[in-house]
Structures are given as structure tokens and as C-alpha cells.
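Inside the fold
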Amino acid sequence: MAMAAAPVSAAQAIGEYLQSPDDLVKISAYRKKLEKEKASIHARLKNGVKEQLQATREGLQKLLNTRDNVQAIKEEMATMDRQCIDPQNTVSTFDQISRVRNIYLDIMTMSNAPRQVSMVHRNFQSTEEMVNNLLEMAAKLDVIERLLAQDSADILGPAENLLPLHYQLNQLEAFRNHTMHQAKKASPSSRATLQRWFERLNQVITAFDEYILQLARNILGIVRAGYPDVVVRLIKIAEIEGKEDEKAIVIRLVKKAAKWSAASKFKSMQANARVIKHYRSKITKAITESIKEKFQQAYARDEQDPNAFLANLTWIYQDIIRIEEDIVPCFPAEYEIYSLYNREYHKSLNTTIKTLASSSPEASSLLTLFEWLKEYKQNMKELNVPPDLLDPPLLDGKEQSLIEDYLQLIVKKLDEWSANLLRTEIAEFTKREEPPEVDSDGLYGMQGAVILFQMVNQQVDLATESGQGAILARVVSETNRVMKGIQDQWVKTIEVEFKKQIEKPEEVEGGLVEYCIALANDQIKSADYAEALLARLEQLVSEKYRVTINERLNDAIDGYLDVAKKCTQTLIDMILNDLKPATKGLFQQVWYDGIMVQIVETMRDYMSDYQSYLNPSLLELLVEDLLDAFLVFYLNALANSPKLKMPAATDRIREDVGLAFAFFSTLKPAKEVEQYFEVIEMILALLEASKDMVFLSFWAFAKVHGPNINFIEGLMKARGDLDRSAVSDVMESVKRKVKEEGLTDPSEPTIMKKINIQNSFSRFLRTN
């Protein structure tokens, strides 16, 4: 035997709702929800108790009436029995009757023989009548079967023979009951013979009973066909049979309550062998079964299309109108037929809706069902259907759970679809068996953005159709979660693939540059799609939900731009990785022979692909980042250089700047490029200035980039034309200028913030 579940405490129940600090904000909503559920439960309990009390009251009243009737009959029979046992005490003329009786007995004694002959004659007549009825029964049954088959063939027809059929069968059934009662004392073989004679009659009665139930199952169709009189005749038959059932039941109760010897003196009691029909209860049961079957058939027709099933349920309201107008007048008031139909329609609908909700329907079907339930409540209210006939509420009043189911389904599908999509995209990105696709604009691209936003827009459109801003906001939030997950995965994948490219270039597939370009383009396309989605949705919701939608989609847009930035930075990192051998030689002995050509040509080679296949907006950002990267590695090399040969070093720097400027001017307007190279021009001025004039060049440099004392000191020490004493004098004048003028770093950091100055020991190791 299974142990009973432990009762749930109030604290545990509250704990189910308040599982995180954020749930405290929802306390008001939870409270309203619980109060609503409590009110619903109280209402149902109140109605249930009321109905149960009424049914109990009626049942007790009937039992009391029956007990009184049985007691009265019992007392009457006992009185009659006493009077029969001792009539001398109650009959005043009993002496005269007794003398007459004695005279009569004397006469009968003398004429006993004729009397016996008369009794034999009466028995013979009775037997002859029974035999004739048995012989005629077959012909009557032929007619009954023909008429019954005729009416049964058209179950929605006029049923013209319904009452005659019932009358004829009633007569034959009474004959059967009487005959079988008379044969109680006959031999078993005789009773078996009679039973065989009545087998056909029993079959016809069974067929008629089934016909009655078929009519009951099709009452609505019969009325629609224009034959409400058939329903009236059906109920008339049920009433007749009901009265006969009541008589038979009373007689059986009397037999049980009274002495058998007293009851046996009444012929009606002896002869009654009626089979109880229960037509009324069978008819109501048939109506209930027909309603259930109707809903089952409707659901079976559209089981694969729940939306069509819900759309086709308008027949419910049409039926309710027809029931009220045409069926109710055909029934006695005590049948409460209007309540029966409405209650059973609602119960069957509730069962069907629960089946639909538990069949794992599509997300669109859940939203359609949610809206349909609201329409159903409104329509039943307009039809003035009493609320107590619509109990329990559809889905037990938990239609809001459909929204949660919908959202869970959206989460599940988005997770499944995005996981499959990402798995495919990452496999293509890492294997790189084929080059990326080229779109209509001639740019590398991937299919991820298009496919993902097709899925997203499909779910958002469904949520929009619900007309509820809360649902739409939840869907957008879940969409944002999925997008952020995809973005994080792409960042990790890029890092892993780039690491492989750097550490084991001989073991990885080629094409990482091309796929990074394709992925970057795909992220920009996704950002554009998200921005278009935001513009569309902002117009559809109130300010309350507009804020949430705006935050979530802007967050997703920023995430796409971050991934695109990661791609372009990786493209730059691949350039810098190829440039490492050359950049290590900057400001070393090989540098004086000229290595900038190699650096520029390497960058030019990469940029030719970038210019051809990268989104123009991303290309512009990439060029700016590449310029910064170039200046950083060049200035880092200068800041940490060994002794510079002057003036050969400054001449080489000018040549380097000229080559780099010419290259970058092919990617950006020359005037914009000049602004980037101004810092090198200022540094050249510092390198070329005499010991006494350095502070002037420093002043121009410091006003833009800040003092950068360590950088300036390292630069002065690297000048081959200045000895230690000169460097000390220069730095003393520089520091004095900084102190006098109160020079500080600029509010906006410049390129100099990215320069990493090594200590003297590291610089020594680099040059040896």
C-alpha cells in the first residue's frame, strides 16, 4: 500500500512561488492569482454542496413517501387478513351468511359433478385463448418488424409508426408476462417450450429499445429535420413506461414488505412479471453519450490541425440556440433538458480541450486556444447560459498556463533550432572544406543570419497575434537569450581557431581569413535584422513593454557588433602574426637596409581580400584599427630601440612613414591618414632637435599626448648623437617645463597610452 503524500506546509507552498529575489516583484500578481483560484474553488464547492444537499433532500423525501406508502399498504393488507381470518367479529350479519353458506355447501355437494365439468370448460377456454394468441403472435411480429425496420432506416425521419409499434409491443409483452407467470408450476420442458416461442418477441423488444435510444441520440438532428413531434412521442413513451416501472417497483416492494400469504391473494401481484425499462434514465444517458461522441468525432476530423478544430466549433453555439428554442418545449420541465444539454456540452468540450492541450500542439495552436477560450466565455455569456452550467471552468480555469506552455515551447524550439543551426555553421567554419558563399553584393557570407531571423520573426509574429504585450516581451527576451548564446559561442570558436592558426599553422585547414570575413558580414546582417525587428515592434506595444523590448534587442545588436569586431580584430591579428619576423627587425641593424616595404606589401596583400569581400562599414573600422595597430607596433619598437644612428635613423623613419602613408592613403582619405601620422612627425621633431631646442618639440608633443616622461627619456637615450650628460640636461629641462606648465595627460587617451616601454634590462636582452 502506497504511503500517503505528506501535507504541504504554507511555507513550502510559498517557496514554490518565491524561488529567487526577482519573484518578490511578482508577489502582487501571485496574490491575485491565488485569490482568483480560491474564489473559483469556493464557488465550485458552494455549487457542489448546494446540488448535493438538494439531491439528498429530494432523495430523503422520496424515501419517506415510499416508506409511508408501503406502511399504509402493509397495514391495509394486515387489516384485510384479520378480517378474513375472523369475519364474525366485524360482520354483523355473519350468522345469516353462515347459515346460507351451509345451505349452499349442501346444494353444491349434491351438484358437485356439474361444477367440475364447468371448471374444466373454463380452463379449456383459457388454454384455447392462449394457444390462439401464440399462433397469431408470429403474424403480428411480422408487421411490427416491417414497420420498425422502415422507421429505423430513416432515423431523422417522421417516425410515423412509433406509437403504434409501442402499443402493439406493449400488448404482446403483457401477454408474455402473464403466460410465463401461469407457467410457473408447469414442467421445465413446458416452460422451455414457451421461452422458445417468445424468443423472437424478446428480440423485437430489444430492437425497439435500441431504436428508442437511437432516437434519443439524434434528438437535435430530428428537430433540425423538422420533426419535433417525434421527440414529443418519444418522451410520451418514456412517461408511459416510467409509470409502469413505478407500479412494478411498488408491487415488488409490497411483496417484500407484506406477508407472502396476504400478497398472494391479489391477482395483479401474482401476475406481474414486468421487466423494468428505465427509459427516462436511458434516454438521458443516450443524450449524454451522443454529445460525447459528437465532440470526439469533431476532434478526430481535425486532430492534426488544432487551429481548424477550434475554428470549426461554432456549431456549439448554434446547437445551444436550437436546444433552447426547439428542444426544450418538447420535454416536461422536470427533465431539465436545457441544463442537461448545456452541462454535458461543457463537460465534453472541457475533456476535448484538455486532450488538445496535452497533445503537444504547435506554439501557434496554444495561442489560438488561449484566444478561443476567451471568446467562448464571452459567447456563453451573451447566450445567457447560467454560470453554474459551465462548471468546472475549461482547463480548470488554468488557461493562463497555456501562455507558459507556449513560452516553454518557444524556448524549446528556439534552443533546438539555434543549436542545430549553430552546429552546422560552426562545422563549416572549422572544417572550411569549401570557400564561403558569395552573396548578391559580391561579399562573403553565411546563411546563419537569414535562417535564424526567419525563425525569430515567425515566433515574434505569433506572439504579436496574441495581442498581449507581456507575451511579446517574453518572446523577445527568450530570443535575446538565444542570440547571446550564439554570439558567445562564435567568440569562443574564433579564439580557438585563431589559436590553432598561430600555434600549429601546418595542421589547420586554410581559409580562416575568408571565413572570418564571412562571419563578420553575417553579424552585421544580423544586427540589421535585429534593428529592423526593433523598429517594427516598438510601434505595437505600450511603453511598459517597449522598454523591455528595446533593451533586449539593443543588447542583441551590441552583441552582434561585438562579434563582428572580434572578427575584424582577428583579421588584423593574422596580419600582425605574419609581420612578426619583420617587426622584430624594426630599429635593429637590418632596419637601416629597409624592411618597411615587406611590411607594407604584406598588409597590402591581406587588404586586397578584405576590400573585395568585407562589408564596407566593417572595412572602414578595420582600416582604422589597422592604422592604430601599425602605429602601436612601430612606436613600441621605437620606444624600446637600441642606440639610433643619427641622422640615418631619422631618414629611415621618414622613408617608412612615406611608404606606410602611401599605402594607407589607398584605404582612407589622405587628410584623415595625416592625422594618424602626426604623432610620428612630432617624434621625428624630438629626434632631430638640438639639445637646447628639444623642450620646444617636447612642448608641442606634450600638449597633444601628455608628458610621457618615460617615453621621452627612452627616446633621448636612444639618440646616438647625445651622450649621457646631454640626455640628463635635456630631461631636466623637460621635467622643469612639465612642472612649470602643470602638464598632465589629456582627458581623452591617445595612441601613446598603448605604447609599452621596456626597462633597461629587457632592452639590453633585445639588442643582444
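Residues numbered from 1 in each chain as written. Predicted model: local features only at pLDDT ≥ 70, side-chain atom pairs only at ≥ 80, totals over all residues. Heavy atoms only, no water.

Details of the overall build of the chain
Helices and strands together make up the secondary structure of the chain, namely 29 helices and 2 strands. Residues counted as buried form 39% of the 768 residues belonging to the chain. Taking the intrachain contacts of the chain between residues at least 6 apart in sequence as the baseline, contacts between residues at least 24 apart amount to 78%. Carbon and sulfur atoms make up 54% of the accessible area of the chain, which amounts to about 43,300 Å² in all. (Helix = DSSP H or I, 4+ residues; strand = E, 2+ residues; numbered from the N terminus. Buried < 20%, exposed > 50% of the residue type's maximum accessible area, 1.4 Å probe, protein only. Contact = heavy atoms within 4.5 Å. Areas by Shrake-Rupley, 256 points an atom, 1.4 Å probe, with all protein chains shown as cover.)

Details of the packing of helix α24 (residues 648-665) against helix α25 (residues 670-688)
Closest axis-to-axis distance for the α24/α25 pair is 10 Å, and the angle between their directions is 175 degrees. By the angle class used here, α24 and α25 are roughly antiparallel. Seen from α24, the contacting residues are Thr650, Ile653, Arg654, Val657, Ala660, Phe661, Phe664 and Ser665; seen from α25, they are Ala670, Val673, Glu674, Phe677, Ile680, Glu681, Leu684, Leu687 and Glu688. (Axes fitted to C-alpha atoms, helices over the stretch in contact; angles between N-to-C directions. Parallel < 35°, antiparallel > 145°, perpendicular 65-115°, else oblique.)

Here we look at the nonpolar core
Tyr406, Phe630 and Phe664 are the most contacted members of the largest nonpolar core, which has 204 residues in total. Ranked by residue count, the leading element in this core is helix α23 (residues 616-639), at 16 residues. When neighbours within four sequence positions are excluded, Phe630 is seen to be in contact with Met596, Ile599, Met603, Ala660, Phe664 and Phe677. (Core = buried A, V, L, I, M, F, W, Y, C linked by side-chain atoms within 4.5 Å.)

Thoughts on the pattern of salt bridges
Evaluation of the coordinates by the stated rule reveals 39 salt bridges. Asp461 is the salt-bridge partner of Arg536, the closest N and O atoms lying 3.0 Å from each other. One end of the pair, Arg536, is in helix α20 (residues 512-538); the other, Asp461, is in helix α18 (residues 448-465), and 75 residues separate them in sequence. Glu551 is the salt-bridge partner of Arg552, the closest N and O atoms lying 3.6 Å from each other. (Salt bridge = Lys/Arg side-chain N within 4 Å of Asp/Glu carboxyl O.)

Some points on the packing of helix α17 (residues 400-431) against helix α19 (residues 469-503)
Two measures define how a pair of helices packs: the angle their axes make with one another and the distance between the axes. Running from N to C, α17 and α19 cross one another at 20 degrees; their axes reach a closest spacing of 10 Å. The orientation of α17 with respect to α19, classified from their angle, is roughly parallel. At the point where α17 passes α19, the crossing takes the right-handed sense. Residue composition of the contact of α17 with α19, by class: 14 nonpolar, 5 polar and 7 charged. (Left-handed = near helix turned anticlockwise from the far one by under 90°. Nonpolar A, V, L, I, M, F, W, Y, C, P; charged D, E, K, R; others polar.)

As for the environment of Val223
Of note, Val223 is situated in helix α8 (residues 219-224). For the pair Val223 and Ile323, spaced 100 residues apart in the sequence, the C-alpha separation amounts to 9.0 Å. For Val223, the contacting residues outside a window of four places in its chain are Pro228, Val231, Arg322, Asp326 and Ile327.

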